[in-house]
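Summary of structural features
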Amino acid sequence: MTRRRTAVAAGALLAAALVATTWWLLAARGSGSVRVTSGTVVVAPDVQLSSRIYAPDGADARRPAPAVLLAHGLGDDQRDVATMARMLARHGYLVLTWNSRGERGSDGQVGIAAPDGEVADISSLIDALATR
């Protein structure tokens, strides 16, 4: 049984090392500049979400970039995902971050995965990106 545990631990360590190395290489390779714009997105009659778009240089209506919606964790805000958003934008992705309901700069009350709250908000955020 000891050999099996050693093999599992070695495999987990190798997987973690590969993930860390890949992350480091991606972060080091991205050298393009990024345009950042802030604003609000209306998602319900009385709810506006603070948002930020990270766009790679060269992306525009004629040269669209694939989009990524990057959410923050509970109790965090969009500043906590800014580093990842910049890295993704440097690699050619248009990234939308936002403060969820009730978080810094956004209206409404926090509700975890509420169909008429956060779930509907994601649909509105996608619509807002589609109009850009």
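To keep things clear, this report deals only with the structure shown in the data block. (Residues numbered from 1 in each chain as written. Predicted model: local features only at pLDDT ≥ 70, side-chain atom pairs only at ≥ 80, totals over all residues. Heavy atoms only, no water.)

**Things to note about the pairing of strand β1 (residues 34–44)**
Defined as follows: Pairing between strands requires that DSSP locate at least two bridges from one strand to the other. Only DSSP runs of H or I with at least four residues qualify as helices, and only runs of E with at least two residues qualify as strands; both kinds are numbered from the N terminus onward.
Across ten bridges, the pairing between β1 and strand β2 (residues 47–56) is antiparallel. The residue of β2 that forms the bridge with Thr40 is Ser50. The loop that links β1 with its antiparallel partner β2 comprises two residues.

**Some details on the pattern of salt bridges**
As a reminder of what qualifies: Within this document, salt bridges are pairs made up of a side-chain nitrogen of Lys or Arg and a carboxyl oxygen of Asp or Glu, the two lying within 4 Å of each other. Between buried and exposed lies partly exposed: a residue is buried under 20% and exposed over 50% of the maximum accessible area for its type, with that area taken using a 1.4 Å probe on protein chains only.
In the structure shown here, the tally under the stated rule is two salt bridges. Of the charged contacts, one joins Arg35 and Asp57 as a salt bridge, the two residues approaching to 3.8 Å between their closest N and O atoms. Here the residue Arg35 occupies a position in strand β1, and Asp57 occupies one in the loop between β2 and β3 (67–70), the gap between them amounting to 22 residues. You can call Arg35 partly exposed: its relative accessible area is 37%. Its relative accessible area of 46% is what places Asp57 among the partly exposed residues. Between Arg63 and Asp60 there is a salt bridge; the shortest N-O distance is 2.9 Å.

**A short note on the environment of Arg86**
Using the following cut-off: In what follows, a contact means two residues having at least one pair of non-hydrogen atoms within 4.5 Å.
Considering the arrangement of structural elements, one finds Arg86 in helix α2 (residues 82–90). Note on Arg86: relative accessible area 37%, which makes it partly exposed. For the pair Arg86 and Arg35, spaced 51 residues apart in sequence, the C-alpha separation works out to 9.1 Å. Setting aside residues no more than four positions away along its own chain, Arg86 makes contact with Val34, Val36 and Tyr54.

**Some points on the nonpolar core**
Rules: Put simply, a nonpolar core is a bunch of buried Ala, Val, Leu, Ile, Met, Phe, Trp, Tyr and Cys residues held in one set by side-chain atoms that sit within 4.5 Å of each other.
Within the largest apolar cluster, twelve residues are counted, these being Val41, Val43, Ala44, Val47, Leu49, Ile53, Ala55, Leu94, Leu96, Trp98, Leu125 and Leu129. At four residues, the largest contribution of residues to this core is made by β2. Beyond its immediate sequence surroundings of up to four residues, Leu96 is in contact with Ser51, Arg52, Ile53, Val68, Leu69, Leu70, Leu125 and Leu129. Core analysis: the next-biggest nonpolar cluster, separate from the first, contains nine residues, Tyr54, Ala85, Leu88 and Ala89 among them.

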